[in-house]
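Take a look at the letters that make up each chain.
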Amino acid sequence: ELKVEQNPLFLSMQEGKNYTIYCNYSTTSDRLYWYRQDPGKSLESLFVLLSNGAVKQEGRLMASLDTKARLSTLHITAAVHDLSATYFCAVADDKLIFGTGTRLQVFP
Amino acid sequence: DVKVTQSSRYLVKRTGEKVFLECVQDMDHENMFWYRQDPGLGLRLIYFSYDVKMKEKGDIPEGYSVSREKKERFSLILESASTNQTSMYLCASSLWPGVGGELFFGEGSRLTVL
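Residues numbered from 1 in each chain as written. Chains lettered and ligands numbered in written order. Predicted model: local features only at pLDDT ≥ 70, side-chain atom pairs only at ≥ 80, totals over all residues. Heavy atoms only, no water.

## Re the interface of chain B and chain A
Logical step 1: Every contact between the two is made by 18 residues of chain B and, on the other side, 17 residues of chain A.
Logical step 2: Contact between chain B and chain A buries roughly 1500 Å² in total, counting both sides, with carbon and sulfur atoms accounting for 57%.
Logical step 3: The interface formed by chain B and chain A contains 0 salt bridges.
Logical step 4: Taken together, the links from chain B to chain A amount to 5 residue pairs in polar contact (both at pLDDT 80 or more).
Logical step 5: Only β5 (31-38), β6 (42-49) and β10 (87-94) of chain B provide two or more residues apiece to the side of chain B that touches chain A. (Contact = heavy atoms within 4.5 Å. Buried area = accessible area lost by both parts, 1.4 Å probe. Salt bridge = Lys/Arg side-chain N within 4 Å of Asp/Glu carboxyl O. Polar contact = N/O pair within 3.5 Å; in protein donor to acceptor, adjacent residues only side chain to side chain. Helix = DSSP H or I, 4+ residues; strand = E, 2+ residues; numbered from the N terminus.)

## Remarks on the layout of surface pockets
Logical step 1: A volume near 630 Å³ is recorded for the largest pocket.
Logical step 2: Along the wall of the largest pocket there are 25 residues; nearest its centre are A:Gln37, A:Thr86, A:Phe88, A:Arg103 and B:Gln37.
Logical step 3: Elements represented by at least two residues in the lining of the largest pocket include exactly β9 (85-92) and β11 (102-107) of chain A together with β5 and β10 of chain B.
Logical step 4: Element by element, the count of residues in the lining of the largest pocket is highest for β11(A), at 4 residues. (1 Å grid on protein atoms, 1.4 Å probe; cavity = no way out; pocket = protein on both sides within 12 Å on 5 of 7 lines; lining within 4 Å. Points joined across faces, edges and corners; volume = space filled by probe spheres on them.)

## Some words on the sheet that holds strand β6 (residues 55-58) of chain A
All names here are of chain A.
Logical step 1: Ordered in space as β1-β3-β8-β7-β6, the 5 strands form an open sheet in which the pairing is antiparallel. Both outer strands of the open sheet, β1 (4-7) and β6, are each paired with one neighbouring strand and no more. Shown here is a sheet whose adjacent strand axes are inclined to one another by a mean of 15 degrees, direction ignored.
Logical step 2: Here β1 pairs with strand β3 (residues 19-25) via 4 bridges, running antiparallel. From the neighbouring strand, Val-4 faces β3, where its bridge partner is Tyr-25. (Pairing = 2+ DSSP bridges. Axes fitted to C-alpha atoms, helices over the stretch in contact; angles between N-to-C directions.)

## Digging into unusual backbone geometry
Glycine aside, residues mostly have negative phi angles, and peptide bonds mostly take the trans form.
Logical step 1: Here the residue pair A:Asn7 and A:Pro8 is connected by a cis peptide bond, since its omega of 0 degrees sits within 30 degrees of zero.
Logical step 2: Along the chain, A:Pro8 turns up in the loop between β1 and β2 (10-14).
Logical step 3: A positive phi angle, near 55 degrees, is found at A:Arg70, a position not held by glycine.
Logical step 4: Note that A:Arg70 resides in the loop between β7 (61-66) and β8 (71-76).
Logical step 5: Located in the positive-phi region is B:Lys53, a residue other than glycine, with phi close to 70 degrees.
Logical step 6: As for its placement among the helices and strands, B:Lys53 is situated in the loop between β6 and β7 (56-57).

None of this, on its own, says anything about what the molecule does.
In structure tokens:
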């Protein structure tokens, strides 16, 4: 059974700093997704990673996928308050399996 | 843009009531899904559907049923609501064949059962 683990679960970071969220999964998959959820809102798709070595960037967020290591990272560069949200990774098996989410809080 | 619309953002129901949660998508997607989201438990799949009139159980189907009479509409039904069904319910659709594709979510329906 595919298991998806994210860490950290909670991240409090200062504006301007860099940090990385990790998503590990337990069995082979070639599709991984990152989603963002604002408080009280639904999930918004951020990145779709479809192959080993895939890298996608949007603004201050960059996601990468290493299928051999079964690891994806979401790197935050020079964080700003607007990035405060919960971030989920989801891995494709016979269905999408979601990680538990990383709650990111960016403070001045 | 894909739009997935859930009919009710907030509902308050009493134990034993029948509850309908409606979801409509406008992108002609084949696959539709219902999840519930609870603190500490993440997203859990309740039911999904590959096609009209087709439905498949997810991880936690007990206490729920679904209906898909038209391609664009997928309804979640709680036949007799209970307090442990208080949750955020998220509908999603996907174009990708099978269930491992990118999901597009609705705004969510927060249900409170008293």
